Amino acid sequence: TQLLEQSPQFLSIQEGENLTVYCNSSSVFSSLQWYRQEPGEGPVLLVTVVTGGEVKKLKRLTFQFGDARKDSSLHITAAQPGDTGLYLCADGTGGGADGLTFGKGTHLIIQP
Amino acid sequence: DVKVTQSSRYLVKRTGEKVFLECVQDMDHENMFWYRQDPGLGLRLIYFSYDVKMKEKGDIPEGYSVSREKKERFSLILESASTNQTSMYLCASSFGLGGTQYFGPGTRLLVL
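Colleague: Would you take a moment to explain the pattern of salt bridges for this structure?
Modeller: Charged atoms that come close allow side chains of opposite charge to pair. Across all of its chains, the model carries nine salt bridges over all chains by this definition. The salt bridge involving glutamate 41 of chain A is made with arginine 9 of chain B; its shortest N-O contact spans 3.4 Å. One end of the pair, glutamate 41 of chain A, is in the loop between strand 4 (32-37) and strand 5 (44-49); the other, arginine 9 of chain B, is in the loop between strand 1 (4-6) and strand 2 (10-13), on a second chain. Overall, glutamate 41 of chain A belongs to the partly exposed group, its relative accessible area being 34%. Classification of arginine 9 of chain B as partly exposed rests on a relative accessible area of 34%. With a closest N to O distance of 3.2 Å, aspartate 28 of chain B and lysine 71 of chain B form a salt bridge. Of the two residues, aspartate 28 of chain B is situated in the loop between strand 3 (19-25) and strand 4 (31-38) and lysine 71 of chain B in the loop between strand 7 (65-70) and strand 8 (73-78); the sequence distance between them amounts to 43 residues. For lysine 71 of chain B, a relative accessible area of 26% translates into the label partly exposed.

Below is the structure:
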């Protein structure tokens, strides 16, 4: 089973600051998904990246997939309190057997 | 939009009780999943199902069973609830095993 390491585990910053969180693996991802989970809710898909070196933007969120497809980052510009949540990365490489493998997530708090 | 619903948002049960958690999805997905989510441990897969009446054990199946009699419904059963089963339970569905998972809002179960 592929292990996903997410860092940092916790991050608390002020509104308006920029931040980056990371997702790393010792193995190659076939594809990588990023989810956000708000308190008291289930995770919701933000984006899927497939191609090495791929960059996707979702408003103030920028997702990068490493060239070797073993790492990914999520950068948030001018963070807002609504960005608060648990950010999870998930890998579908082993999906033939058991679906997605999730990282433990980054808990992000944006303070007004 | 895909909708995944779970029968209860909050549930309080006593040790030894039989507990049923139900999940319904409306997008005709073949695959359905049950996870539990605990602080510091992330999302852990309990069971999944890739077709009606088919089920596969995930990473932590002990103490749980599942039922999938209809495509849209996947039930998680705690035969004899124990305090260490206090957790947040999340149901998800997907079209492909490595594809996007759509989550329900979760059931927060407290076993006293």
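So, next bit.
Colleague: Is there a simple way to explain a nonpolar patch on the surface in this structure?
Modeller: All names here are of chain B. Residues Val12, Leu110 and Leu112 make up a contiguous nonpolar surface patch of roughly 260 Å² in combined accessible area. Among the secondary structure elements, leucine 110 is positioned in strand 11 (residues 107-111). Given the relative accessible area of 37%, leucine 110 is considered partly exposed.

Colleague: Can you walk me through the sheet that holds strand 8 of chain B in this structure?
Modeller: Sheets are built from strands that pair by backbone hydrogen bonding, the pairs being arranged parallel or antiparallel. Residue and element names in this part refer to chain B. Strand order in this open sheet of four strands is 1-3-8-7, and the pairing throughout is antiparallel. What marks the edges here is a single partner per strand, and that holds for strand 1 and strand 7. Between one strand and the next, the sheet's axes are offset by a mean angle of 20°, whatever the strand orientation. Two strands pair when backbone bridges link them, and strand 7 and strand 8 are joined in this way by four bridges, in the antiparallel orientation. Note that in strand 8 the partner of serine 67 across the bridge is serine 75.

Colleague: Please clarify how the environment of glutamine 33 of chain A should be interpreted in this entry.
Modeller: Mapped onto the fold, glutamine 33 of chain A is located in strand 4. Not counting the four nearest positions on each side in its chain, glutamine 33 of chain A is found in contact with Leu45, Val47, Thr48, Leu88, Cys89, Ala90 and Leu100 of chain A together with Gly98, Gly99, Thr100 and Gln101 of chain B. A polar atom in the side chain of glutamine 33 of chain A sits 2.5 Å from the side chain of tyrosine 35 of chain A.

Colleague: How do you make sense of the interface of chain A and chain B when you look at a structure like this?
Modeller: Often, the extent of an interface is quoted as the loss of accessible area on bringing the components together. If you look at the interface, chain A gives 20 residues, while chain B gives 20 residues. Summed over both partners, the interface of chain A with chain B buries about 1500 Å², with 53% contributed by carbon and sulfur atoms. Taken together, the links from chain A to chain B amount to one salt bridge. Linking chain A with chain B are five residue pairs in polar contact (both at pLDDT 80 or more), by the criterion used here. Those elements giving two or more residues to the side of chain A that touches chain B turn out to be strand 4, strand 5, strand 9 (85-91) and helix 1 (95-98) of chain A. With four residues, helix 1 of chain A is the single largest residue contributor to the side of chain A that touches chain B.

Conventions used here
- Residues numbered from 1 in each chain as written.
- Chains lettered and ligands numbered in written order.
- Predicted model: local features only at pLDDT ≥ 70, side-chain atom pairs only at ≥ 80, totals over all residues.
- Heavy atoms only, no water.
- Salt bridge = Lys/Arg side-chain N within 4 Å of Asp/Glu carboxyl O.
- Helix = DSSP H or I, 4+ residues; strand = E, 2+ residues; numbered from the N terminus.
- Buried < 20%, exposed > 50% of the residue type's maximum accessible area, 1.4 Å probe, protein only.
- Patch = residues over 30% accessible without salt bridge, like charges linked within 9 Å, V, L, I, M, F, W, Y side chains within 5 Å.
- Areas by Shrake-Rupley, 256 points an atom, 1.4 Å probe, with all protein chains shown as cover.
- Pairing = 2+ DSSP bridges.
- Axes fitted to C-alpha atoms, helices over the stretch in contact; angles between N-to-C directions.
- Contact = heavy atoms within 4.5 Å.
- Polar contact = N/O pair within 3.5 Å; in protein donor to acceptor, adjacent residues only side chain to side chain.
- Buried area = accessible area lost by both parts, 1.4 Å probe.

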